[in-house]
Amino acid sequence: ASLPILIAFSNNVSLDSLNHRQFSTGAHCVYNLKAHLIFVVAYRRKAISSRVLEIFSDVCQREQSELLECSGERDHVHLLISYPPKLCLSELIRKLKAISSLKIRREFNGVIRHLLWGKRFWTKSYCVISVGDGATTEIIGQYIRNQRPN
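Residues numbered from 1 in each chain as written. Predicted model: local features only at pLDDT ≥ 70, side-chain atom pairs only at ≥ 80, totals over all residues. Heavy atoms only, no water.

This part covers the overall build of the protein. Summing up its helical and strand segments, the protein has four helices and seven strands in all. Counting from the amino terminus, helix and strand elements in the protein follow one another as β-β-β-β-α-β-β-α-α-β-α. For the protein, the share of sequence-separated contacts (at least 6 apart) that also reach a separation of at least 24 residues comes to 64%. Accessible surface for the protein amounts to roughly 9,700 Å². Of this, 52% is attributable to carbon and sulfur atoms. (Helix = DSSP H or I, 4+ residues; strand = E, 2+ residues; numbered from the N terminus. Contact = heavy atoms within 4.5 Å. Areas by Shrake-Rupley, 256 points an atom, 1.4 Å probe, with all protein chains shown as cover.)

Moving on to the sheet that holds strand 4 (residues 34-40). Adjacent strands of a sheet form backbone hydrogen bonds with each other and so pair up, either parallel or antiparallel. Reading across from one edge, 5-6-4-7 is the order of the four strands in this open sheet, with antiparallel pairing throughout. Looking at the sheet topology across the chains shown, the edges are occupied by strand 5 (66-73) and strand 7 (127-131). Averaged over all pairs of adjacent strands, the angle between their axes in this sheet comes to 15°, without regard to strand direction. Sheet analysis places strand 5 next to strand 6 (residues 76-82), joined by seven bridges and oriented antiparallel. The residue of strand 6 that forms the bridge with Cys 70 is Leu 79. Running at roughly 155° to strand 5, helix 1 (residues 51-62) makes contact with strand 4, strand 5 and strand 6 of the sheet. (Pairing = 2+ DSSP bridges. Axes fitted to C-alpha atoms, helices over the stretch in contact; angles between N-to-C directions.)

Structural data, given as structure tokens:
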């Protein structure tokens, strides 16, 4: 559930832009976590179809995450996801890649087997980049440096 939260910072560090963001809430936390993921097809083969978007969306929903954006080319894909802090991001990535690989190979076996060999669809690696809303790393660092003990 999204809930508007007022964030008040002191020490003359302006984070007003965060006051207008939507945060999600858990049992004991308030959060806004997003990540940009990049997956590449093995051997850079042009094998991605629009079906991948549906699969990624289903996996995210099952894992209590949200697929905000998904696009790319036929040999790689970019995802923007929102996820709760209780979720291990590397585990979500493993599930996204494993489930999509299995489903794509099962549904498009005739095409895929000519492009890729073995059981691998994606490369073993991935790229993950944290995404912030409003405050830069520099502003957050300044805020932390300016904290004083009571």
